[in-house]
There are 2 protein chains.
Amino acid sequence: MNTLGSFTIQKLTGLSAFRTGMFRLLRSVSGITVAQIDVEVAKLLELKLRLGGDDVKHQFVLKTPKGTRDYNPKQMAIREKVFNTIVSCFKRHGAETIDTPVFELKETLTGKYGEDSKLIYDLKDQGGELLSLRYDLTVPFARYLAMNKISNIKRYHIAKVYRRDNPAMTRGRYREFYQCDFDIAGHYDPMIPDAECLRIVSEILGELDLGDFHIKVNDRRILDGMFAVCGVPDDKFRTICSTVDKLDKMCWEDVKNEMVKEKGLSEEAADMIGQYVSMQGGMDLAVRLLEDPKMSQSKQACAGLSDMKQLFSYLELFQVTDKVVFDLSLARGLDYYTGVIYEAMLGPPGATPPPPSQAGAPKAEESLSVGSVAGGGRYDGLVGMFDPKGRAVPCVGVSIGVERIFSILEQKAEAEKVRTTEVQVLVASAQKNLLEERLRLVTELWNAGIKAESMFKKNPKLLSQLQHCEESGIPLVAILGEQELKNGMVKLRTVATREEVDVSRADLIEEIRKRTSPV
Amino acid sequence: MNTLGSFTIQKLTGLSAFRTGMFRLLRSVSGITVAQIDVEVAKLLELKLRLGGDDVKHQFVLKTPKGTRDYNPKQMAIREKVFNTIVSCFKRHGAETIDTPVFELKETLTGKYGEDSKLIYDLKDQGGELLSLRYDLTVPFARYLAMNKISNIKRYHIAKVYRRDNPAMTRGRYREFYQCDFDIAGHYDPMIPDAECLRIVSEILGELDLGDFHIKVNDRRILDGMFAVCGVPDDKFRTICSTVDKLDKMCWEDVKNEMVKEKGLSEEAADMIGQYVSMQGGMDLAVRLLEDPKMSQSKQACAGLSDMKQLFSYLELFQVTDKVVFDLSLARGLDYYTGVIYEAMLGPPGATPPPPSQAGAPKAEESLSVGSVAGGGRYDGLVGMFDPKGRAVPCVGVSIGVERIFSILEQKAEAEKVRTTEVQVLVASAQKNLLEERLRLVTELWNAGIKAESMFKKNPKLLSQLQHCEESGIPLVAILGEQELKNGMVKLRTVATREEVDVSRADLIEEIRKRTSPV
């Protein structure tokens, strides 16, 4: 209401002008009585009341939609730095990039996300096709491959996706958020592309300087084989798997309880699972499990374990085994994974889940804030769902959780000064009436590719020009004065040190380049 | 239908398995007759027919929504180049960047686009707020300024916007398309930021190498003043203005006809307008019109003309007067412009509109394809529409029509080979069983920041490795063989010249850098 005060006043100001006019009109009519005037006044006051009432209804809200945010220049500077690091890495690994529309035909997304389909944003039916905002970049990628009959590609895609989820924005969970996906599609020898995806995660997280991190790996086939040898009935694989998936947020006791009491698993089977999912290791663990009397009975598990062994041999060549942990408790939710799965977490490996007493809802959410920052796996069946002939294109990929990374880096940068422009030099003047000379010089600098600006005032004070440099981190000021102009010189000031040197106009560009080139 | 053949076959394969099962079941029942079997077969065949019929209905369409497109890697490479050029220019001029959500509250967009509001994409009401996809970047920018009480900023924003328009995709007109906006908000001395916007358009179009171009400028106040002195009634300003706006597609005869016959303007007024709108020039024209006996009667026109004179004096300092034409026929449609307006066109200045006989609909559309590639102007009232206290923040900005630019550059690049990756070197092997050695070397290169890849096959043929380089434009191949490994050497092959040199492993990185650094 408060903000609307002036609106109402404006309307009433208009109204009183109207009233004055009315009075004049009324007076000009002969024989008008004071009573008649009173009647008119009463009518107008009523009108005033009604107008006031309307104002309250039409109060407009100045905000972004729920679960979304604007990025201000400082946030954009951080975002750009993160994207540059990620894209450089993707390019270093030979990736191309594609883009797809923000919305897809509704039927393209149908049947791909199971229960989560309710989180899809639909567009209003305004005549024409039924459309939905994309929910991830993987399904549009699979649609793209099938539509264009592409059977091998190494591509990245950075774009926003949309989920009508309950946002927890302080923790980097939004309804509109970026995904940074890298995927390798094609028929190749096993585990080579899978290993490269892990190398990429490792490079990116290392370069972003987020502190310690580790990547858990497992395999859908090892999980399924484990469930089989532990005596989980076939039709309970998926639901038991989704309970195991909670081990990063819940302690084993609670997970076991859910399996036995809610999902009707035998206690014996649950205990057996409990033994396996506590195992972590590297190639050695794969080797050991291949000889495990129970595990070795499952063909699926053996296939997964042999591939895991192979994977670790490649990871060793890629120099990332110190970051990767084979962890039998990792069970990513998505149905479409068919082989290797992985998830990167901040913190050192082996960080234990919070003890049962602290595992309530709010704590669980908090643990998310330092949790997963990348994830992915192999999905060999998805493209075939789109191909009219069901042709399969094997794929493996990784998605970097950049929103969470932005949150972390924003928090870190809160106290810091982050530059939001790249201006190298401000063209300033020490006296009045030098606007034209400033514009002439700034044009010279632009022509030479120097990032430069000059204030949009005819006669700005030197102090306010210098303050502008301090505030926006511009390192150099080229100061023009009558004297300098006469001598064909410019005073070049280094903002940080306040040191000033006279530079001839001919040498200025070279001098600016020298002083602002990255060390 | 054709593409569905295999689906039907798959379903029928499933069906025949079902039939076989049924037969077994039937046989196991004692006393079954051949007649009964025939009845069952008939039923099943009927079922088969019905299933086939259903298939036709459930045919799913593998396409992107109407008016949208995927960008393939080649298109993305062109897009990236264009964006880099544009962003470098924006940064050279000291701009920050922001981002806003792809959708806004519906009411934020309401009442901003007049008739075109029907082209806004609404989201389905799924409970919660009513949302619409953004229609441009200017209204979200104004909302952002008002919401954050920002009174001065120089910002750029590159993002997709959405219009349910009739797409003409061959001419770069889509329903989902990019806008690249640069705007300067704040109270400054007149025409300095306006001139910088024109300098920016000129830099960008020059650097994109699109051939000749020119920028038309005019001023909303000059237009309004001109209409007033020509005797256009106040309430016809907007509609006559929108007819004048068609002069780039229609000849003067047709424009005059529309004014007089459709919009009821006097022939005398129309002829007078006709004289003015044929005028083109530079600062001289502004000076002449300030002394024009009719024009000088309009205060508004004089204010606009004095500013135009001032603008050209700054444009001269910015060295772009050869690209800018003061053209009284320029009348951009948008209601929110309050001062200077401009539009950049490809081709030399003074390119005349097609003669009347050729001015039919298809020709008019064609002329669009070489038409406007940037446009903008001053809008001093828009932010005030969002500010609860109606505080005005004067703004001037420009929008680069990148989709049209993409189309032009794509056409140019059709015959050319455009690299879609940046790989500098392929690590290859000349003999079998060298996968591990290749992975070891490629890791060394990644560690050094070299963009490198190696094929995902255990034993790829040397020829297919070299072919991969030819196809994707990789300039160098590092070839490993038993002999090289023994001697600690690598054979470095330049793909273009087929020249090969032996390089010691220690010198390899330096050698690759030397050969791939930009000249």
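Residues numbered from 1 in each chain as written. Chains lettered and ligands numbered in written order. Predicted model: local features only at pLDDT ≥ 70, side-chain atom pairs only at ≥ 80, totals over all residues. Heavy atoms only, no water.

Asker: Give a description of the interface of chain B and chain A that names residues and reports values.
Answerer: Contacts between the two partners involve 97 residues from chain B and, on the opposite side, 97 residues from chain A. Together chain B and chain A conceal approximately 8,800 Å² of surface at their shared face, both sides included; 59% is due to carbon and sulfur atoms. In terms of surface lost to chain A, no three residues of chain B exceed L317(B), W446(B) and F456(B), which account for 10% of the buried area on that side. On the surface where chain B and chain A come into contact, there are 16 salt bridges. D122(B) is the salt-bridge partner of K124(A), the closest N and O atoms lying 3.9 Å from each other. In this structure, the connection of chain B to chain A is made through 48 residue pairs in polar contact (both at pLDDT 80 or more). The element best represented in the side of chain B that touches chain A is helix α16 (residues 435–447) of chain B, accounting for eight residues. Grouping the constituent residues of the side of chain B that touches chain A by class yields 44 nonpolar, 20 polar and 33 charged. (Contact = heavy atoms within 4.5 Å. Buried area = accessible area lost by both parts, 1.4 Å probe. Salt bridge = Lys/Arg side-chain N within 4 Å of Asp/Glu carboxyl O. Polar contact = N/O pair within 3.5 Å; in protein donor to acceptor, adjacent residues only side chain to side chain. Helix = DSSP H or I, 4+ residues; strand = E, 2+ residues; numbered from the N terminus. Nonpolar A, V, L, I, M, F, W, Y, C, P; charged D, E, K, R; others polar.)

Asker: Explain the pattern of salt bridges residue by residue, including any values.
Answerer: Counted by the stated rule, this structure contains 78 salt bridges over all chains. The residue R391(A) makes a salt bridge to D387(A) at a minimum N-O spacing of 3.1 Å. Here R391(A) falls in the partly exposed class, since its relative accessible area comes to 41%. What you see here is one network of salt bridges that share partners, running through R79(A), K160(A), E176(A) and D99(B). (Buried < 20%, exposed > 50% of the residue type's maximum accessible area, 1.4 Å probe, protein only.)

Asker: Go over the confidence of the model for chain A, please, and point to the residues and values.
Answerer: Residue and element names in this part refer to chain A. Summarising the model, chain A shows a mean pLDDT of 86, and 83% of its residues fall at 70 or more. Here residues 1–31 is modelled with pLDDT under 50, and outside its nearest four sequence neighbours on either side it reaches 28 contacts, counting other chains as well. Throughout residues 48–58 the model reports pLDDT below 50, and contacts reaching past four residues in sequence, or to other chains, amount to eight contacts. The ipTM value of the predicted complex is 0.83, and its pTM value is 0.84. (pLDDT = per-residue confidence, 0-100.)

Asker: Pulling in residues and values, what's your account of the sheet that holds strand β1 (residues 96–97) of chain B?
Answerer: All names here are of chain B. Spatial strand order, β1-β4-β5-β11-β10-β9-β6-β8-β7: nine strands in an open sheet with mixed pairing. The two strands at the open ends of the sheet, each matched to only one other strand, are β1 and β7 (280–281). As paired elements, strand β9 (residues 340–346) and strand β10 (residues 372–378) share five bridges and run antiparallel to each other. Directly across from A344, in β10, lies its bridge partner A374. (Pairing = 2+ DSSP bridges.)

Asker: Account for the relation of the copies chain B and chain A, naming residues and giving values.
Answerer: Each copy superposes on the other: chain B lies on chain A with an RMSD of 0.0 Å after a rotation of 180° and an axial shift of 0.0 Å. Expressed as an axis order, the relation between the two copies is that of a two-fold axis. Both copies present the same face, since 100% of the interface residues in chain B are matched by interface residues at the equivalent positions in chain A. (Least-squares fit on C-alpha atoms with pLDDT ≥ 70 in both.)

Asker: Provide a residue-level description of the nonpolar core, including the pertinent values.
Answerer: L145(A), M226(A), F227(A), I273(A) and F326(A) are the most contacted members of the largest nonpolar core, which has 128 residues in total. Discounting residues that sit within four places of it in the chain, I273(A) has contacts with M226(A), F227(A), C230(A), V232(A), I240(A), V244(A), W252(A), M259(A) and L265(A). Grouped together as the second largest cluster of nonpolar side chains are 127 residues, Y156(B), F213(B), I240(B) and F326(B) included. (Core = buried A, V, L, I, M, F, W, Y, C linked by side-chain atoms within 4.5 Å.)

Asker: Give a description of the sheet that holds strand β14 (residues 476–480) of chain B that names residues and reports values.
Answerer: Pairing between the strands of a sheet comes from backbone hydrogen bonds, and it takes one of two forms, parallel or antiparallel. Residue and element names in this part refer to chain B. Reading across the sheet, the five strands line up as β13-β12-β14-β15-β16 and stay open at both edges, with mixed pairing between neighbours. The open sheet has two edge strands, β13 (452–454) and β16 (500–504), and neither has a second partner. Taken over all neighbouring pairs, the strand axes of this sheet differ in orientation by 30° on average, direction set aside. Direction of pairing for strand β15 (residues 489–494) relative to β16: antiparallel, over a ladder of five bridges. Residue pairing across strands places M489 opposite S504, the latter belonging to β16. Its contacts with the sheet place helix α17 (residues 462–472) against β12 (425–429), β13, β14 and β15, and it is angled at close to 170° to β12. (Axes fitted to C-alpha atoms, helices over the stretch in contact; angles between N-to-C directions.)

Asker: Describe the pairing of strand β9 (residues 340–346) of chain A, naming the residues involved and giving the relevant values.
Answerer: Taken across its seven residues, β9(A) has seven buried, putting it largely inside the fold. With burial as the criterion, each face of β9(A) is covered, one bearing V340(A), Y342(A), A344(A) and L346(A) and the other bearing I341(A), E343(A) and M345(A).

Asker: Tell me about unusual backbone geometry, residues and numbers included.
Answerer: Residues and elements named next belong to chain A. In this structure, K149 is a non-glycine residue whose phi angle is positive, near 50°. Tracing the chain through its elements places K149 in the loop between α5 (138–147) and β4 (153–162). Phi is positive for Q319, which is not a glycine, with a value near 60°. Looking at where Q319 falls in the secondary structure, it is placed in the loop between α12 (299–317) and β8 (324–327).

Asker: Could you give an account of the packing of helix α11 (residues 283–290) of chain A against α12(A), with specific residues and numbers?
Answerer: Residues and elements named next belong to chain A. Across the interface, α11 lies against α12 with an axial gap of 9 Å and an inter-helix angle of 155°. In terms of orientation, α11 lies roughly antiparallel with respect to α12. The way α11 lies across α12 gives a crossing that is left-handed. Contact residues: α11 offers M283, A286, V287, L289 and L290, while α12 offers C302, L305, S306, M308, K309, F312 and S313. By residue class, the composition of the contact of α11 with α12 is nine nonpolar, two polar and one charged. (Parallel < 35°, antiparallel > 145°, perpendicular 65-115°, else oblique. Left-handed = near helix turned anticlockwise from the far one by under 90°.)

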